There are 4 protein chains.
Amino acid sequence: MVKSKRGRPFGDHEARRVQIAAAACRVMVRMGIAKAGLADIAREMGCTTGVLSHYFSDKEQLLLFAKNYVFDQAFERAARVAADVSGFERLRVMLGESVRIDSDMVERCRLLTIFNGRAVGDPRLMQIQARRNERFWRLIEAELTELQRTGVLAAQMDVSLEARGITAMMDGLADQIVMKPRAWKPGEAEALLTIYLDGVLARHGVRGDGMH
Amino acid sequence: MVKSKRGRPFGDHEARRVQIAAAACRVMVRMGIAKAGLADIAREMGCTTGVLSHYFSDKEQLLLFAKNYVFDQAFERAARVAADVSGFERLRVMLGESVRIDSDMVERCRLLTIFNGRAVGDPRLMQIQARRNERFWRLIEAELTELQRTGVLAAQMDVSLEARGITAMMDGLADQIVMKPRAWKPGEAEALLTIYLDGVLARHGVRGDGMH
Amino acid sequence: MVKSKRGRPFGDHEARRVQIAAAACRVMVRMGIAKAGLADIAREMGCTTGVLSHYFSDKEQLLLFAKNYVFDQAFERAARVAADVSGFERLRVMLGESVRIDSDMVERCRLLTIFNGRAVGDPRLMQIQARRNERFWRLIEAELTELQRTGVLAAQMDVSLEARGITAMMDGLADQIVMKPRAWKPGEAEALLTIYLDGVLARHGVRGDGMH
Amino acid sequence: MVKSKRGRPFGDHEARRVQIAAAACRVMVRMGIAKAGLADIAREMGCTTGVLSHYFSDKEQLLLFAKNYVFDQAFERAARVAADVSGFERLRVMLGESVRIDSDMVERCRLLTIFNGRAVGDPRLMQIQARRNERFWRLIEAELTELQRTGVLAAQMDVSLEARGITAMMDGLADQIVMKPRAWKPGEAEALLTIYLDGVLARHGVRGDGMH
DNA sequence: TATGAATGAGTCTTCATTCAT
DNA sequence: CATGAATGAAGACTCATTCAT
């Protein structure tokens, strides 16, 4: 293990914060944000609430950290999975990864739902949340722009609007899955996503490239 | 007006409940569900919390009523606006109405976001919410089925999947609008919806009808 | 009892606040400000802590109110007792009243000591406290000025300085009494005050009036 | 310098305790006793709370030590300054030193105010505090008695009462200065003290000595 | 029907203290 | 000697709920 100058474990502090964040997420998904007290999170961790205040000044700070942690992970996952793919396929892979339903994915979506609900009525949280949303949307925009540059998609396509459409579709699928994951047979969510992306390609794809 | 034995108009009781629900919604959207106490709702009404107890046994009952009230209104609006339209256009009108951005619409969507967030971790609420969701989805399914019956859409179309896709798109647009309503120019949301519906028609529309 | 328009007792609210303030004072003098919790105050009142939050938004507000209440009472007492006295005697009576040692007086002084200690390090409190102090000092200044006007004291006397001296003597006596009330035989505190006031008269008294 | 067995200088331990006490005093004057936590004191020292535990078993012990340290210093200062003065002048010098307003003096007085406030409601602390007070009073008594012996002051003077009067004046001036140090022009506090002492001399001074 | 006083449980937060390294 | 992680108790505060008027 990496040690700090004085022989104390280094990075443990941050690692512990992540542990706590993860515990907080589990508890929130299980009990709901309203019922999830610090005591519950501590119990989930097998420690007392004092530990939590040791690592986070505030409950709000804890939740904020947890949220960012979850979001960052999601981004990393998308980036990782699309790393060695290119062309339109890259978009498909990237987004498809995010709608593959399993228990982790459902938990992730439920956290998103929780945080969105919490942000309403709190301008500061709302802005933070909006930024996260924009980050995702910009990511897609960048992909679309790249596809324009490489001649896969037409130059006259409204990149911004299409990106928002894709983002909406992704979020909407997540909403549906959160509600009733069991109503979705394996592959259905991916199918809808594919349909949507095919629509984008149909409208803006340049002949001779992806279609033919 | 119908009167009760003592001369008090019938329906007053229910009307008051609606008033309270509306006040609760305004407060929740403004302060967030976590911060919205009964006292705040009472203050919004210009009365004390005692009044709330008269009309609702519980805070949970109040919120449940408020939620149902909001949802029912949304359904009514959709039904009303699509009343004298038929064919594929009916679907367009019905759904378009729901994504026309104004302050009411944003408030409505934010309430939905609040209630969704609240439902996570509370199986009973989640089920209630899922039912509302299913109700909307069934509505669209019914419309699609009718369009199949009237030969507008192909019989082999997977009605259930398409309905879920449309629902997802609608919810996703709402999510985006909630986050940053000002990022949407008038008509953009409708445009994305139209694009999506056009996609449905393109895939499943029967020649000779809407397509030419 | 005075009633409000709707038949509810009027003024009860403020009366209750005073009750609570008095209880808080008793508890603080008995246990010290650090140990005096809201629960202790509530117990002293024979009610629960909820009542306290009903009448005071904050512990700080409660303590502030209590302090003001105590101070105002002290002022009223001084004014009352000096109401029908005039000349230099008026000053003597006014101040003598404040250093007559009994259990109430000791409690009052101890509260002052508590509040002074609490004010250190809290600029806001300090200012409030300073204002109270200044109020007392201005009162004495006014008396001295009046005695100048009526020819009892010389015009060239430094009113401000003398007033501060008297205030200091009063506060200092209170300090001593707080520490060890039993060390003071009846009349000793008054004697020291008299000596001090005599000194003032000796230095600034105009022949023919009080001295002769 | 004297060394312990292991080569560590004796007195280091005590010196560190004094350092800590001084830090504690600074923090208390700055933040108030209620807000001054061990962590704040440690931070002021540039170390962690663990260090404090090494030198003091208890927070209370730390504060007690700090208080005694402050008081002892005040006594030392008075003794030092009056070392080579005699007669009535000795009293003047001794006390005058204590009311010369500068930032150190204000801090000292504020600490006294803090400790006095803290003592109320805590019989043990109160007794300790009373003892400190008595020590000061006895000191003045001793001076007065000496002045009687040397024929400066009349034998029939009530030494105890006069000593308490002087003590009261000193404490009262301190109280005033604590509240609003800026309200005092240089020399005003000394002037009031001088006036008071002159009064003592006027009442009890033996002709032919200090008066001439 | 409405008021608002009172309750009391629940939660967050702070903090002195302990202890392994 | 010093660190900082962990404890756990204590206190303030919030708030839904009840109830007498």
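Residues numbered from 1 in each chain as written. Chains lettered and ligands numbered in written order. Predicted model: local features only at pLDDT ≥ 70, side-chain atom pairs only at ≥ 80, totals over all residues. Heavy atoms only, no water.

Quick notes on the side chain of C:His204
Residues and elements named next belong to chain C. To keep it simple, the criterion reads: Where helices and strands are cited, they refer to DSSP runs of H or I of at least four residues and of E of at least two residues respectively, numbered from the N terminus. By the criterion applied in these results, polar contacts are pairs of N or O atoms within 3.5 Å in which, for protein atoms, one can donate a hydrogen and the other can accept it, and in which residues neighboring in sequence qualify only through two side-chain atoms. For this analysis, residues touch if any pair of their heavy atoms sits within 4.5 Å.
Here His204 lies in helix 9 (residues 188-204). At a separation of 2.9 Å, a polar atom in the side chain of His204 contacts the side chain of Glu162. Residue contacts for His204: discarding those within four places in its chain leaves Val152, Leu153, Ala154, Met157 and Glu162.

Considerations on the relation of the copies chain C and chain D
Applicable threshold: Alignment of copies: least-squares fit on C-alpha atoms of residues with pLDDT of at least 70 in both copies.
Rotating chain C by 180° about the axis while translating it 0.1 Å along that axis superimposes it on chain D, leaving an RMSD of 0.1 Å. Read as a symmetry element, the transformation amounts to a two-fold axis. Residue C:Gly172, judged by its C-alpha, is the member of chain C lying nearest the rotation axis, at 1.8 Å. An overlap of 100% is found between the interface residues of chain C and their copies at the interface of chain D, pointing to a shared contact surface.

Remarks on the relation of the copies chain A and chain B
Overlaying chain A with chain B gives an RMSD of 0.2 Å, the required rotation being 180° about an axis along which the chain moves by 0.0 Å. In this assembly the copies share their binding face: 100% of the residues contributing to the interface of chain A also contribute to that of chain B.

As for the interface of chain C and chain D
How we decide: By buried area we mean how much accessible surface two parts lose on assembly, using a 1.4 Å probe and totalling the loss over both. For this document, the term salt bridge refers to a Lys or Arg side-chain nitrogen within 4 Å of an Asp or Glu carboxyl oxygen. Each residue gets one of three labels, nonpolar for Ala, Val, Leu, Ile, Met, Phe, Trp, Tyr, Cys and Pro, charged for Asp, Glu, Lys and Arg, and polar for the others, Gly among them.
Listed as interface residues are 38 residues of chain C and, on the opposing side, 38 residues of chain D. For the pair chain C and chain D, the summed buried area comes to about 3,400 Å², and 64% of that belongs to carbon and sulfur atoms. Contact with chain D buries surface across chain C, with C:Val120, C:Arg164 and C:Met179 losing the most and accounting together for 20% of the total. C:Arg164 is paired through a salt bridge with D:Glu188; the nearest N and O atoms lie 2.9 Å apart. Taken together, the links from chain C to chain D amount to 10 residue pairs in polar contact (both at pLDDT 80 or more). Contributions of two or more residues to the side of chain C that touches chain D are made by helix 1 (12-31), helix 6 (103-119), helix 7 (123-149), helix 8 (159-179) and helix 9 of chain C. Residues of the side of chain C that touches chain D, tallied by class, amount to 17 nonpolar, 11 polar and 10 charged.

Digging into the packing of aromatic side chains
The description of an aromatic ring pair rests on the distance of the ring centres and on the angle between the ring planes. In plain terms, the rule: Ring pairs are drawn from Phe, Tyr and Trp, using the six-membered ring of Trp, whenever the two centres fall within 6.5 Å, and their geometry is named by plane angle: stacked under 30 degrees, edge-to-face over 60, tilted for the rest. Relative accessible area decides the class of each residue, using a 1.4 Å probe on protein chains only: under 20% of the type maximum gives buried, over 50% gives exposed, and in between gives partly exposed.
The final tally for this structure, using the stated rule, is 14 aromatic pairs over all chains. For the pair A:Phe75 and A:Phe136, a centre-to-centre distance of 6.2 Å together with 70° between the ring planes defines the contact as edge-to-face. Highlighted residues: A:Phe75 in helix 4 (residues 59-81) and A:Phe136 in helix 7 (residues 123-149), separated in sequence by 61 residues. Overall, A:Phe75 belongs to the buried group, its relative accessible area being 16%. The exposure class assigned to A:Phe136 is buried, which follows from its relative accessible area of 13%. With centroids separated by 5.4 Å and ring planes inclined at 55°, the aromatic side chains of C:Phe56 and C:Phe65 adopt a geometry described as tilted.

Overview of the domain arrangement of chain A
Residue and element names in this part refer to chain A. Threshold: What fixes the domain bounds is an automatic or database domain assignment.
Domain annotation for chain A reports domain 1 (7-56) and domain 2 (60-204). Placing the centre of domain 1 and that of domain 2 at their C-alpha centroids yields a distance of 27 Å. On the domain 2 side, the residues contacting the 14 residues of domain 1 number 13 residues. Between domain 1 and domain 2, a total of about 1,200 Å² is buried, with carbon and sulfur atoms accounting for 91% of that surface. On the surface where domain 1 and domain 2 come into contact, there are 0 salt bridges. Linking domain 1 with domain 2 are 0 residue pairs in polar contact (both at pLDDT 80 or more), by the criterion used here. A per-class count over the side of domain 1 that touches domain 2 returns 11 nonpolar, no polar and 3 charged.

Side note on the interface of chain A and chain B
Taken together, the 38 residues of chain A in the interface contact 38 residues of chain B. Taking both sides of the interface into account, the surface hidden between chain A and chain B amounts to around 3,500 Å²; carbon and sulfur atoms contribute 64%. In terms of surface lost to chain B, no three residues of chain A exceed A:Val120, A:Arg164 and A:Met179, which account for 20% of the buried area on that side. Where chain A packs against chain B, one counts 4 salt bridges. Counting every contact that joins chain A to chain B gives 10 residue pairs in polar contact (both at pLDDT 80 or more). With 14 residues, helix 8 (residues 159-179) of chain A is the single largest residue contributor to the side of chain A that touches chain B. A per-class count over the side of chain A that touches chain B returns 17 nonpolar, 11 polar and 10 charged.

Some thoughts on helix 1 (residues 12-31) of chain A
All names here are of chain A. Formally: To estimate how far a helix should extend, the number of its residues minus one is multiplied by 1.5 Å.
Over its 20 residues, helix 1 runs 28 Å from end to end, which matches the ideal 28 Å to within 8%, given 1.5 Å per residue. Regarding helix 1, the residues found buried are Arg17, Ile20, Ala21, Ala23, Ala24, Cys25, Val27, Met28 and Val29. Buried residues belonging to helix 1 abut helix 2 (38-45), helix 3 (49-55), helix 4 and helix 6 (103-119). The first or second residue beyond helix 1 is Gly32, which carries a positive phi of 90°.

Thoughts on helix 7 (residues 123-149) of chain D
Two residues of an α-helix separated by three or four positions point the same way, owing to the 3.6 residues in each turn. Its 27 residues give helix 7 of chain D an end-to-end C-alpha distance of 37 Å, which sits within 8% of 39 Å, the value for a rise of 1.5 Å per residue. Backbone geometry just downstream of helix 7 of chain D places D:Gly151 in the positive-phi region, at approximately 80°.

What about the nonpolar core?
What counts, and what does not: Here the nonpolar core consists of buried residues drawn from Ala, Val, Leu, Ile, Met, Phe, Trp, Tyr and Cys, with membership extended through side-chain atoms lying within 4.5 Å.
Membership of the largest hydrophobic core comes to 137 residues, with the highest contact counts inside it found for A:Leu95, A:Leu144, A:Ile166, B:Leu91, B:Leu95, B:Leu144 and B:Ile166. With near-sequence residues (within four places) excluded, B:Leu144 lies in contact with B:Leu91, B:Leu153, B:Met157, B:Val159, B:Glu162, B:Ala163 and B:Ile166. If you look at the next biggest cluster of nonpolar residues, it comprises 136 residues, including C:Trp137, C:Trp184, D:Leu111 and D:Val152.

Considerations on the pattern of salt bridges
Here the structure, examined in full by the defined rule, presents 72 salt bridges over all chains. The salt bridge partner of A:Glu188 is A:Lys185, with a shortest N-O separation of 3.8 Å. A salt bridge links B:Glu14 to B:Arg17, with the nearest nitrogen and oxygen atoms 3.6 Å apart. Here the residue B:Glu14 and the residue B:Arg17 both occupy positions in helix 1 (residues 12-31), the gap between them amounting to 3 residues, near one helical turn. Residues joined in a network through salt bridges with shared partners are A:Glu134, A:Arg138, A:Glu141 and B:Lys180.

A look at the side chain of C:Asp171
Test applied: Asp and Glu are treated as the negative residues and Lys and Arg as the positive ones, with His and the ends of the chain left uncounted.
Within the secondary structure layout, C:Asp171 lies in helix 8. Despite being buried, C:Asp171 has no salt bridge partner; C:Arg132 is the closest side chain of opposite charge, sitting 4.4 Å away. With sequence-adjacent residues up to four places away left out, C:Asp171 is seen in contact with C:Arg132, C:Asn133, D:Gly172, D:Asp175 and D:Gln176.

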